[in-house]
Structures are given as structure tokens and as C-alpha cells.
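Report on the structure
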Amino acid sequence: MQKNQAENQELPPGPLKHRIILHVDMDSFYASVEVREHPDLAGKPLVIGADPRDGRGRGVVCTCSYEARSYGVHSAMPVSIAYHLCPHAIFLSPRFPVYASASKRVMAILREYADRFQQVSIDEAYLDLSSLPDYPHAAATARQIKDDILSREHLTCSIGIGPGKTIAKIGSDLRKPGGLVVIPPEKIEEMVYPLPAGRIPGIGKKTGEALQQKGIFTIGDLAKADIQQLMEILGKWAVPLQDLARGNDDSQVREHSGSKSVSREITFDQDYDNPELILDTLRGMSRDLCKDLEELDLSARTITVKIRFFDFTTVSRARSLPCRSRDLPVIQRTARELALPLLSGKKVRLAGLRLSSLDSLDSDQKSIGDFIR
Ligand code: TTP
Ligand code: MG
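Bear in mind the structure is a predicted one, so any value in this text is a computation, not a measurement.

If you trace the five strands from one edge of the open sheet to the other, you get S5-S6-S1-S7-S8, paired in mixed fashion. On the outer flanks of this sheet lie strand S5 (116-121) and strand S8 (180-182), each paired with one strand and no other. On average, each strand axis in the sheet is tilted by 15 degrees relative to the strand beside it, whichever way the strands run. One ladder, built from five bridges, connects S5 with strand S6 (residues 124-128); its direction is antiparallel. Across the sheet, residue Ser 121 finds its bridge partner in S6, namely Glu 124. Each of strand S1 (21-26), S6, strand S7 (157-162) and S8 touches helix H6 (residues 135-153); the most contacted strand, S7, lies at about 165 degrees to it. Lying over the sheet, helix H7 (residues 165-174) contacts S1, S5, S6, S7 and S8, oriented at roughly 145 degrees with respect to S7.

With that settled, the discussion passes to the coordination of the magnesium ion (ligand 2). Listed as protein donors to the magnesium ion (ligand 2) are Asp 25 (OD), Met 26 (O) and Asp 123 (OD); their distances from the metal cover 2.0 to 2.2 Å. Each of the six donor atoms around the magnesium ion (ligand 2) contributes to a set of angles spanning 80 to 177 degrees, which defines the coordination as octahedral. Read in sequence order, the donor residues coordinating the magnesium ion (ligand 2) give the pattern D-M-x96-D. By relative accessible area, Asp 25 is classed as buried at 14%. With a relative accessible area of 2%, Met 26 lands in the buried category.

Here the focus is H6. Its 19 residues give H6 an end-to-end C-alpha distance of 26 Å, which sits within 8% of 27 Å, the value for a rise of 1.5 Å per residue. Among all positions in H6, only Tyr 135, Ala 138, Ala 139, Thr 141, Ala 142, Ile 145, Lys 146, Asp 148, Ile 149 and Glu 153 are buried. Elements in contact with the buried residues of H6: S1, helix H2 (29-37), helix H5 (96-113), S6, S7 and S8. Positive phi appears at His 154, one or two residues downstream of H6, with a value of about 55 degrees.

Inspection of every chain in the model, using the stated rule, returns six aromatic pairs. Here the aromatic rings of Phe 29 and Tyr 30 are separated by 6.2 Å at their centres, their planes lie at 55 degrees, and the arrangement is tilted. When sorted by exposure, Phe 29 lands in the same class as Tyr 30, which is buried. With 6.3 Å between their ring centres and 90 degrees between their planes, Phe 96 and Tyr 99 make a pair best called edge-to-face. On the criterion of helical spacing, the pair formed by Phe 96 and Tyr 99 is a turn pair, its members being three residues apart in helix H5. Here the guanidinium or amino end of Lys 165 rests over the ring plane of Tyr 126, the centre of that ring lying 5.2 Å away. A cation over an aromatic ring shows up here: Lys 346 above the ring of Phe 309, its NZ or CZ 4.7 Å from the ring centre.

What follows deals with the site of ligand 1. Looking at ligand 1, there are 15 residues lining it, with Ser 28, Thr 63, Tyr 66, Arg 69 and Asp 123 nearest. At 2.9 Å from an oxygen atom of ligand 1 is found a side-chain nitrogen or oxygen belonging to Asp 123. Considered on its own, ligand 1 offers 560 Å² of accessible surface; in the complex 75% of this is hidden by protein. Sorting the residues of the shell around ligand 1 by element identifies S1, H2 and helix H3 (66-69) as the ones contributing at least two each. Residue composition of the shell around ligand 1, by class: seven nonpolar, three polar and five charged.

A separate point is a nonpolar patch on the surface. Together, Tyr 71, Ile 81 and Leu 85 make up an exposed nonpolar region whose accessible area comes to about 230 Å². For Leu 85, the position within the fold is in helix H4 (residues 79-85). A relative accessible area of 35% places Leu 85 in the partly exposed class.

Taking a probe equal in size to a water molecule and rolling it over the atoms shows the remaining empty space. Scanning all chains against the criterion turns up one cavity of 30 Å³ or more. Together, Leu 279, Leu 282, Arg 283, Ser 286, Gln 332, Ala 335 and Arg 336 line the largest cavity. If you list the elements that add at least two residues to the lining of the largest cavity, you get helix H13 (275-296) and helix H14 (328-339). No other element matches H13, which puts four residues into the lining of the largest cavity. Tallied by class, residues from the lining of the largest cavity come to three nonpolar, two polar and two charged.

Rules behind the numbers
Residues numbered from 1 in each chain as written. Chains lettered and ligands numbered in written order. Predicted model: local features only at pLDDT ≥ 70, side-chain atom pairs only at ≥ 80, totals over all residues. Heavy atoms only, no water. Pairing = 2+ DSSP bridges. Helix = DSSP H or I, 4+ residues; strand = E, 2+ residues; numbered from the N terminus. Axes fitted to C-alpha atoms, helices over the stretch in contact; angles between N-to-C directions. Contact = heavy atoms within 4.5 Å. Donors = N, O, S within 2.8 Å, 3.2 Å for Na, K, Ca; no water. Tetrahedral: all angles 85-135°; square planar, octahedral: opposite > 155°, others 65-115°. Buried < 20%, exposed > 50% of the residue type's maximum accessible area, 1.4 Å probe, protein only. Expected span 1.5 Å × (residues − 1). Phe/Tyr/Trp six-rings, centres within 6.5 Å; stacked < 30°, edge-to-face > 60°. Lys NZ or Arg CZ within 6 Å of the ring centre and 35° of its normal. Near = heavy atom within 4 Å. Polar contact = N/O pair within 3.5 Å; in protein donor to acceptor, adjacent residues only side chain to side chain. Areas by Shrake-Rupley, 256 points an atom, 1.4 Å probe, with all protein chains shown as cover. Nonpolar A, V, L, I, M, F, W, Y, C, P; charged D, E, K, R; others polar. Patch = residues over 30% accessible without salt bridge, like charges linked within 9 Å, V, L, I, M, F, W, Y side chains within 5 Å. Salt bridge = Lys/Arg side-chain N within 4 Å of Asp/Glu carboxyl O. 1 Å grid on protein atoms, 1.4 Å probe; cavity = no way out; pocket = protein on both sides within 12 Å on 5 of 7 lines; lining within 4 Å. Points joined across faces, edges and corners; volume = space filled by probe spheres on them.

Any functional reading would require information beyond the geometric quantities listed.
Put into C-alpha cells, the structure is as follows:
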């Protein structure tokens, strides 16, 4: 408490100005990049995932075009189910290097506009534009960003603007695809409070259900709930989640100085007990992450597999390699060996893979040389 008071005294004098944060999220990213490369695919249901028709179609959907979504297809669903829902869809295997280079170019455009910039995944980033005078100026900049990405990269995105990262992210998701949603602080009650509580990042299905059982359905319900009652449901998360619901979110937009690890995880659309589906998913993630390492010109020493079961118990298994690698067969084999003993028939909700202790191959070789000397 005393520390906060001391910090407050250090704030510059004058009226406190709200921050202006943008969240940019590309629309159906992998699918849109494929449509850009193959314009004949425009307007068709397109699924990015192994083709279930050629016998090798296991694994899950990475993403799909909005046309495919209208049939109920979505990310993290087995491709076999996607095929069942939309048999005339076009299935394309993912081409991660193509998406990685498209992402790099989009991020470079976004960076040009930001006071501070934080990329948070292959297709989303936060921009701090607090140096702009007000929200209408930020909205004009957002329109400019959308035009710029469309004309230079032929891709569309959705943008949310708010006084913090969470409100901005909620905004970018509200009118996808192609949306621009501006939520200034005075509009939070009107625009955000009626939304389901599950729109707050971090409130998953299970937490959402627990809240609903206590009569908390919307973000507004959460914002106004009795904190004691919330603590019974959410424990230590009650205060920070209620703060987010009220739009109080001072988490900063931070540039990352460098990658310490690369990772992917997927929450499946339902719980699965088929080990081959999980192993296939990890194989795909290995491919994806090895491409990331190539892009970054780094190699990894430690490989970690994470499995979360239907009951939310979570196990991780890690192994360090004798020397750094970004060799796909090595990563895939290690991920398989780590995962297999964990897959004993219990239903799986989430699978993840992380490659860490990253460094360049050169520095690794140097350290071996040093050791030998
Ligand atoms: P998202 O931004 O979640 O999805 P999207 O861009 O395809 O669609 P939206 O318009 O709803 O934003 O993810 C970005 C990319 O990450 C997506 O194109 C493919 C990849 N991805 C996976 O490979 N598996 C997944 O489960 C998810 C959610 C995404
Ligand atoms: Mg996206």
C-alpha cells in the first residue's frame, strides 16, 4: 500500500490521460494467406489441415475460411469431423514458412504505427498509441493500418481499441472479419458489460460455467459482483478478473527483447482419448516450431511436452538434448517419446510443445570447443 502511494506521488502533475491501446488480429490468417496465393480459392470453404480424403488426414484443423466456418468448422477440430461437416471444403496442408514470412511483413507494417509494440502470436499484436490526442484519432489511424495491410499484403484484419489490452482484445473479436471496434473508457459499461463473461481472456468454459451457476453471466455481472462471493468461485483470481471486467487493466505493451522459447498449444474442441490424434498434433507443432527456429536462426536444447487432461490435471515432461538442435526428426521423436507414456487412455483437453534454452548453433559449437580446450 505504502509502495503504491509512493509511486503515485511520482506521477507527473496534470490531468491523468487514459491510454489508447490497439489490438490487431488478422482474419482467418493461414487461410487468408492461402487465398492470397491462390485467388481461385476466394469465397470457397477452405480448411487448413491435412486432407482427410487421401488417407493421411489425421490431426486437427489449424484454421479455416469464414465460408467454412458457416458449416460449423473451426480451429482445433479433427479434420475428420471438418470433412463430415463440409465434405466439399478444400483441404490444404499448412505451409508454416509462408505464414511466418507473411506474419513478419504484417508485423513490420504494424510496428511503423506504434509508440510501443508487442507481438503476441503469429497474427496478433498490441500497439500503444497513447501519444495520440484522443480515440477518434486512434480510430483514424486504425483505418489507415487496415488500408495499409490490405494494399501492401492483400490481407484483412480486425482491430479493437480501448484503454487497456483486455478491452482492446475483446473489441478486436467483436466484429470479425474486417471489424474496427472503438471502446473508449466511457463506453465500457454500454459496450462491454452486456457481453458474456467468457469474452474475458482467461475465463474458459469451466470457469464460465461455475460463474453461471452463481448467476454471473455477463461481464457486467462480474464487474458488479460481490467480491466475497467471487472469491468463493475464483479464489485468488477474483480481484484481478473483476478489475479486468471493470476495464481496469494497466498491463503494459512491452517489446520483447528476444525469444527465450517458442511454443504452441491447442485446446481441442472436445476432450479426446485417441493417442494418435494427440501425437499427430504434436508432430504438426514440431514442424511449426522448427520453422520458427529457422526464422529466428536459433536452435533449442530443451523440449517440453504439456498435456492437460479433461479434469484439468496438467502434466509436463521435459528433456534436454545433448546439443542444441532444430532438426525436425529429432524434435518430433523426442516429443513423441515424452508424450507417449502420458497418453494412457485418459481424455486429453490440451496439448502443448515448447522448445527452450534457445541459442544460435554457432554459440553452442563455441561452448563445446571451449569445453574441449
Ligand atoms: P487465430 O487468430 O485464433 O485464428 P484465425 O486468424 O485463423 O481466425 P480469426 O479470424 O478468428 O482470427 O489464430 C491465428 C492462426 O494460428 C490461425 O490462422 C492458424 C493458427 N492456429 C492453429 O494452428 N491452431 C489453433 O487452434 C488456432 C486457434 C490457431
Ligand atoms: Mg486471427
